[in-house]
Each structure stands twice: as C-alpha cells, then as structure tokens.
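Inside the fold
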Amino acid sequence: MAFIPSRRKQHKTGPGEVRMQLTSMMDMFTILLVFLLKTYSTHGQLINPSQDLTLPVSDVQNPPEVGLDVTVSSDWILVNGKPVEKTSNLAVINGYIVPKLEVALERYAEEGRKLEAAYGTKFSGKVTIQGDKKLPYHLLIKVLATCGQSNFPNMRLVVYQREG
Amino acid sequence: MAYRPSKRARRSIETEPPNIAPMMNLMVVLIPLLLTSAEFVRLGVIELNLPPAAAGPDGTVLNQMPIESQRKLDLTVTITDRGFFISSAMAVLSGTVQGNPTIPLENGNYDFQALSQKLYDIKQRAVNQFADADHIILMAEPNVDYQTVVSTMDASRTIRLHGQLEQLFPDVSLSAGVF
C-alpha cells in the first residue's frame, strides 16, 4: 500500500526565516571594485584643474609633474590659486612682460632659492601652465615670456589626454 | 500496514549559505574610497624647450641662441588664419598656388593630418643632414587659439603611420614672431 504523505504535516514547517538575496549585489560590487582598482593611480591628483576653464586636448602621454601653478582663465591670471592680474588687461600691455605676474613669480622664485640655500631642495624653475583652450596666442606668449623672464624657464603646458 | 519511510533516506543535506556580510562591509567601505580617489579625466603635460630668455632694452625678449657652426635647418611652422606655412632658414615652402599657405585650410578647418605628412617628408630628408633635425619652431598669428597651437604641436611631434607612432620633431619651441 502506497504511502501518502500527509499534506497537513508538510505545511506545518511554515515560512521560516527569509534571507535577503545578496548574491547579485555582490556580483555588481565585485565588478565595480575591479573597475575602480584598474583606474586607480598611485600618485593621485598633482594638478587640480580649475573650474572656470577648459584645457585643450592633446595626444601626449607624459604624466603631470609638480610645479608652480600658473592658470590663465578667461577672467584672471592666477599664480598658485591667487589672482594677480586680469586677463583682459593682458592685451593692452606693450611688450611681452606682464609686470604684476612678473612680481608674483619673482617672489616665488625668491622663496624657492631660499629653500634651496637652507635645505638643499633644488630650485628647478618648474612651472605648469593651465590655459583655456580659447586663449589667443598673443596672450599665451606673453604669459610664457614672463615665466621665462622670471626664473621659471621650465614650462609645461597642462592638457587633457585624449581618450583611447 | 506499511512501514513509515526512512527519514535518513529523504533528508537532504542542508547547505548553509556562505556568510557574505563581512564581505559586504568591505565593499561598502572600499568602493566609496576608490570612487573619491578615481581620476576620470587624465591630465598630461607638454614640455616646452625654451632657452632661458634674456630681456632686450625695451622689454622685448631675446632668445639666447646657442652658437653653432653646423648647418641649421630652423624649421618653422607658422599658423595663420589661412593655414600653415612651413619654412626653414633658407626658404618658405610654398603651397600648390604661389603665395598660398603650404597647407591651406580644409573646409575651414586646419588640416593637421596633411601637416604631419609634410613634416614627415621633411624629416626623412633632414635626418643626419642638420644638427637640429629634432627641433621645430612654432609661430602663430595673434588670434590663433590655444587648442590649435596644442594640436599643431601634436601634429609636429609625432605621426601615426600604419598604426605606429613615428617621431617627427619632438623639441617644440614657441616663437613670439613679429606681430
């Protein structure tokens, strides 16, 4: 005689403990983690791109280096984040030297040389220049000439690297 | 009357699901950490090769040119609103029509591809002939924008031929020119 399992007894086990299904979430997190680890760079952000300018795009592969930061946005020229001269005043200056920028740069050069004398950290005259991609050439060359004049001959132009 | 079936035969081996709570904690901490430090735009720098400038009497900049007795190419690319002019110490390379730019505008845009190709031809002939076969000087009209200057630098630094990058003139200098 066949045994018929009791229906009543089966239902008695009840709905027990409901566990959250975390497996799919784990999958997602694992993929995210791998992606982020791949894009992670050990040297971090050396240069913070300014908010009010768009850097030009280039094919160069050279990684950024630390240096004095000169920013030429559409309104102001900034040295290490401090505004020194209005960009609109640049066009009316005769010759290639921007006096206020020169004064600011000379001060940093002076500090750099003092550091070199006191602690032996080499003053290399490195300067990184961030310019808006719409900046006309005759303004750019004035900034570059002033940097060269004020003991910062080691100029680097900051650009966005092209994708791919 | 039948026997009661064996419980041992029917009992499935219960598998305890792995405890992933600590793993989740780890993820929750690691992901925000990496997200905040991730760089989504990659920055690069272009190095400029400039000799230290010396001031002239009226505030103009004179470049101290190294004294050399060797033959110099003095390759110069001038960016104008009509296109690129390529010139050397000896001559200006003319375009297809006399007086036109060497590389004229292509549909109103600068033709960087053609510039690279032309410079590649020059490089092939100049290499081992001139002391400054790695050097190029860039000039531009006052109102040429920064992006164009940077793209011209890219075009004169390297060329992509058959999927491979070839060096052209990696030492790029900027010249103020005469405005």
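Structure: above.
Anyway, here's the lowdown on the structure attached to this text. (Residues numbered from 1 in each chain as written. Chains lettered and ligands numbered in written order. Predicted model: local features only at pLDDT ≥ 70, side-chain atom pairs only at ≥ 80, totals over all residues.)

As for the interface of chain B and chain A
In this assembly, 44 residues from chain B lie in contact with 52 residues from chain A. Secondary-structure elements contributing two or more residues to the side of chain B that touches chain A are α2 (21-37), β1 (43-47), β2 (53-55) and α4 (146-157) of chain B. Broken down by element, the residue count for the side of chain B that touches chain A peaks at 8 residues, all from α2(B). Taken together, the residues that form the side of chain B that touches chain A break down as 31 nonpolar, 6 polar and 7 charged. Here strand β6 (residues 154-161) of chain A runs beside β1(B); their pairing, made up of 5 bridges, is antiparallel. Looking at β1(B), one finds that A:R156 is bridged to B:E47. (Contact = placed C-beta atoms within 7 Å. Helix = DSSP H or I, 4+ residues; strand = E, 2+ residues; numbered from the N terminus. Nonpolar A, V, L, I, M, F, W, Y, C, P; charged D, E, K, R; others polar. Pairing = 2+ DSSP bridges.)

Considerations on helix α4 (residues 99-119) of chain A
Residues and elements named next belong to chain A. Helix length check: α4 (21 residues) gives 30 Å between terminal C-alpha atoms against 30 Å at 1.5 Å per residue, within 8%. For α4, every residue scored as buried is listed here: L101, A104 and L105. Axial view of α4: buried residues confined to an arc of 95°, hence all on one face. Within α4, the exposed residues directed more than 90 degrees away from the buried face are R107, E110, K114, A117 and A118. On its buried side, α4 packs onto β3 (76-79), β4 (82-86) and α5 (137-149). (Expected span 1.5 Å × (residues − 1). Buried ≥ 20, exposed ≤ 12 C-beta atoms within 10 Å, placed from the backbone. Arc of directions from axis to C-beta.)

Some thoughts on unusual backbone geometry
Residues and elements named next belong to chain A. Despite not being glycine, N80 shows a phi value in the positive range, around 50°. Looking at where N80 falls in the secondary structure, it is placed in the loop between β3 and β4. The residue N151 is not glycine, and still its phi comes out positive at about 65°. Locating N151 in the fold gives a position in the loop between α5 and β6.

What about the packing of helix α3 (residues 112-126) of chain B against α4(B)?
Residues and elements named next belong to chain B. Where α3 contacts α4, the axes come no closer than 8 Å and their chain directions differ by 35°. Crossing angle aside, the handedness with which α3 passes α4 is right-handed. Residues F112, L115, S116 and L119 of α3 lie in contact with α4, whose contacting residues are S151, T152, A155 and S156. Here the residues of the contact of α3 with α4 are counted per class, giving 4 nonpolar, 4 polar and no charged. (Axes fitted to C-alpha atoms, helices over the stretch in contact; angles between N-to-C directions. Left-handed = near helix turned anticlockwise from the far one by under 90°.)

Considerations on the pairing of β4(A)
Residues and elements named next belong to chain A. Across 4 bridges, the pairing between β3 and β4 is antiparallel. Its bridge partner being in β4, V79 is matched across the sheet by K82. Connecting the antiparallel pair β3 and β4 is a turn made up of 2 residues, with N80 showing a positive phi of about 50°.

Points about α3(B)
Residue and element names in this part refer to chain B. With 15 residues, α3 ought to run about 21 Å at 1.5 Å a step, and its terminal C-alpha atoms sit 20 Å apart, in line with that. All buried positions along α3 are accounted for by L115, S116 and L119. The arc enclosing the buried residues of α3, seen along the axis, measures out at 95°, which places them on a common side. Facing away from the buried surface of α3 by more than 90 degrees, the exposed residues are D121, Q124 and R125. For α3, the secondary structure elements touched by its buried residues are β5 (83-87), β7 (103-104), α4 and β9 (158-161).

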